[in-house]
Amino acid sequence: MKRVAVRPRQMIWRCKRVTQTSAPQLSSNERRVLDVIWREGPIARQDIARLTGLTAASITRLTKQLDDEGLLATSLEKTGSRGNQRQPISINADGALSFGVSFSHTFVDVGLMNLGGELLQTIRSPLSKPTVENVASAAKAGVAKLLSSSRRDRNKIIGIGFALPGDFASEPPYLQAHAYFPALRGVDILKSLEPHFEFPCFVENDCNTAAFGERVLGFGKLYSTFLSVFVGHGIGSGLIIDGNLLRGVHGNAGAIGYMYPMDQPRPSGQDLFETAQKNGVAAQDFSDFEKLPFEKNPPITKWCERAGSQLCEGLSIAARLFDPEAIIIGGRLPPPYLDALVRWIDVDAFCAAGAPLRKPVIRASDLGARAGVIGAAALPIYHTYLRSDMTLASDNYVNGRR
């Protein structure tokens, strides 16, 4: 029987980036090498060859090309009693810069990140109402302040990433804002933001940006395959497999929130707000939780117990479906909340049903409430330098292709 080649379905849900950037267009092997250096550096060339499967000659050529682009740094180390030297390679943190923007109902966070994944500075501005115009205005002002105060070379800025609470649809504007942000529903966020900025713009849903943030700066650097759980206004996740984001056919892989019916108690941020308000705890936005003494608020600690138990059951299923090395619990909540959730997830009942298969590690993200802005700033870095060709079909909005 004749075999018929089937073309993959076009990912019509995707966003796009249309602004040109001076960042180098790296080859597949250059990305592989850069990713190993990112994760393992400082690292010797022979170790890069071992981890990538490339020849020593190829590694020499590729690292020279990356060094010529200003992306690598080399140091000297003495080895042995005779003072022999080796030259381990690491990422040149000053090789590129990116901005990230994350927002909620009452504030906008803008952050500046270097190529080494270090969040250099952040600034938080009040937000009267989460409209595109207000978010763009606050973000633009934040970018200007950070550029002025940091005195960084603007020519090294590769882009600005935006974390949007929402899901992907099959029709324009593709990335649909969450129902809790009605002023953004039905708005083409990327198209509306681009005229306000001179840098390439990247827009992604907040669960995926959190996964990118973990991969670039958080515990995700330790694992090639992990599930990043994001507690924002809703509850969702991003799944990184072999270093790349699994999107699914329509872009909504990891939508674990649908395990929990909207008309019942859920392990979501909005449910936490409602629980707090019903019990007389003043909390209108996530920034309010940062000011509350966690242990002295029984309604909050009880919510964490209930939400953690719910997540224990749901994540047990996800762990068996995807078999990740780790599950990282993060989002907009302060560290004490995330730690409490982990205590109630990582119990004997987690992944206890059926055969005694190996359980993934459960960790509370150390990015804390900065996860949103870190993940947003990681977007330009991931798409420009770390994304593999395997994900190009689903991520090709990065090159402005529909």
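This report concerns the structure included in the present document.

Cut-offs and rules
Sequence order as written defines residue numbering, which begins from 1 separately in each chain. It should be noted that, the model being predicted, local features are given only for residues of pLDDT at least 70 and side-chain atom pairs only at 80 or more, the latter also being counted only at that level, while totals for whole chains, interfaces and linings use all residues. Hydrogens are left out, water is left out, and the side-chain values use all remaining heavy atoms of the structure. Salt bridges are identified by distance alone: a Lys or Arg side-chain nitrogen within 4 Å of an Asp or Glu carboxyl oxygen. The helix and strand labels rest on DSSP assignments: H or I over at least four residues marks a helix, E over at least two residues marks a strand, and numbering proceeds from the N terminus. We call a residue buried when its accessible area falls under 20% of the maximum for its residue type, exposed when it is over 50%, and partly exposed in between, using a 1.4 Å probe and counting protein chains only. We define the nonpolar core as a collection of buried residues of types Ala, Val, Leu, Ile, Met, Phe, Trp, Tyr and Cys that are connected through side-chain atoms lying within 4.5 Å of one another. Note on contacts: a residue pair is in contact if any heavy atoms of the two residues lie within 4.5 Å. Here a strand pair is declared whenever DSSP counts at least two bridges between the two strands. The angle between two axes is taken between their N-to-C directions and runs from 0 to 180 degrees, where each axis is a line fitted to C-alpha atoms and a helix contributes only its stretch in contact. Each Phe, Tyr or Trp ring, with Trp reduced to its six-membered ring, pairs with another whose centre is within 6.5 Å; inter-plane angles below 30 degrees give stacked pairs, above 60 give edge-to-face pairs, and intermediate values give tilted ones. Helices are assigned an expected span. That span is 1.5 Å times one less than the residue count. By construction, the arc corresponds to the directions joining the helix axis to the C-beta atoms.

**Some thoughts on the pattern of salt bridges**
Next up, step 1: Counted by the stated rule, this structure contains 10 salt bridges.
Next up, step 2: Salt-bridge contacts for Arg39 lead to Asp35; the nearest nitrogen and oxygen are separated by 3.5 Å. Of this pair, Arg39 and Asp35 both sit in helix α1 (residues 28-40), four residues apart, roughly one helical turn.
Next up, step 3: You can call Asp35 buried: its relative accessible area is 15%.
Next up, step 4: Note that Asp47 and Arg50 form a salt bridge whose closest N and O atoms lie 3.6 Å from each other. Taken together, the residues Asp47 and Arg50, both in helix α2 (residues 45-52) and three residues apart, mark about one turn of the helix.
Next up, step 5: On the basis of relative accessible area, Asp47 is assigned to the partly exposed category, the value being 24%.
Next up, step 6: For Arg50, a relative accessible area of 58% gives the class exposed.
Next up, step 7: Connected via shared salt-bridge partners are Asp35, Arg39 and Arg215.

**Structural notes on the nonpolar core**
Next up, step 1: Ranked by internal contacts, the top residues of the largest apolar core, which has 45 residues, are Val33, Leu34, Ile37, Leu115 and Tyr385.
Next up, step 2: Listed by contribution, the elements that provide at least two residues to this core are α1, α2, α3 (56-68), β4 (89-91), α6 (206-216), β15 (326-331) and α11 (371-386).
Next up, step 3: Sorting elements by how many residues they give to this core places α11 first, with 10 residues.
Next up, step 4: In this structure, Tyr385 is in contact with Ala23, Pro24, Leu26, Arg31, Leu34, Leu71, Ala96, Leu115 and Ile158, ignoring residues within four places of it in sequence.
Next up, step 5: Leu227, Leu333, Phe350 and Ile362 belong to the second largest nonpolar core, which has 37 residues in total.

**Some words on the sheet that holds strand β12 (residues 226-231)**
Next up, step 1: Strand order in the open sheet formed by five strands is β14-β13-β12-β15-β16, with mixed pairing between adjacent strands. Of all strands in the sheet, those with a lone pairing partner are β14 (244-246) and β16 (361-364), marking the two edges. The sheet shows a mean angle of 30° between the axes of neighbouring strands, taken without regard to direction.
Next up, step 2: Strands β12, β13 (235-241), β14 and β15 of the sheet are contacted by α6, whose axis makes an angle of about 130° with β12.
Next up, step 3: On the sheet, helix α10 (residues 335-345) packs against β12, β15 and β16 and is oriented at approximately 160° with respect to β16.

**Some thoughts on the packing of aromatic side chains**
Given two aromatic rings, one states the distance between the centres and the angle between the planes to describe the pair.
Next up, step 1: Applying the stated rule across the entire model yields eight aromatic pairs.
Next up, step 2: Judged by centre distance (5.4 Å) and plane angle (15°), the rings of Phe273 and Phe289 are stacked. Of this pair, Phe273 sits in helix α7 (residues 269-278) while Phe289 sits in helix α8 (residues 286-289), placing them 16 residues apart in sequence.
Next up, step 3: Classification of Phe289 by relative accessible area gives buried; the value is 1%.

**Some remarks on α3**
Next up, step 1: Taking 1.5 Å per residue as the helical rise, α3 with its 13 residues ought to reach 18 Å, and the 18 Å between its terminal C-alpha atoms agrees with that figure.
Next up, step 2: Restricting attention to buried positions, one finds in α3 the residues Ser58, Ile59, Leu62, Thr63 and Leu66. Projection of α3 onto a plane perpendicular to its axis shows the buried side chains occupying an angular sector of 120°, all on one side. In α3, those exposed residues whose orientation departs by more than 90 degrees from the buried face are Ala57, Lys64 and Asp68.
Next up, step 3: Looking at the packing, one finds that the buried side of α3 touches α1, α2, β1 (72-74) and β4.
Next up, step 4: Looking at the residues trailing α3, positive phi occurs at Gly70, about 80°.

**Some thoughts on the sheet that holds strand β11 (residues 201-205)**
Next up, step 1: Taken together, the five strands give an open sheet; going across it, the order is β7-β6-β5-β8-β11, and neighbouring strands pair in mixed fashion. Either end of the sheet is taken by a strand with one partner, and the two such strands are β7 (119-126) and β11. When strand polarity is set aside, the average angle formed by the axes of neighbouring strands in this sheet is 20°.
Next up, step 2: Direction of pairing for strand β6 (residues 107-114) relative to β7: antiparallel, over a ladder of seven bridges. When the bridges of β7 are listed, Gly111 appears paired with Thr122.
Next up, step 3: Relative to the sheet, helix α4 (residues 132-150) contacts β5 (97-103), β6, β7 and β8 (157-164), its axis offset from that of β6 by approximately 40°.
Next up, step 4: Contacts from α11 reach β5, β6, β7, β8 and β11, with the element oriented near 130° to β8.

**Description of the pairing of β8**
Next up, step 1: Among the eight residues in β8, eight count as buried, and that is most of the element.
Next up, step 2: When β5 meets β8, the two strands line up parallel, connected through six bridges. Its bridge partner being in β8, Phe99 is matched across the sheet by Ile160.
Next up, step 3: Where β8 and β11 come together, five bridges link them in parallel fashion. Across the sheet, residue Gly161 finds its bridge partner in β11, namely Phe202.

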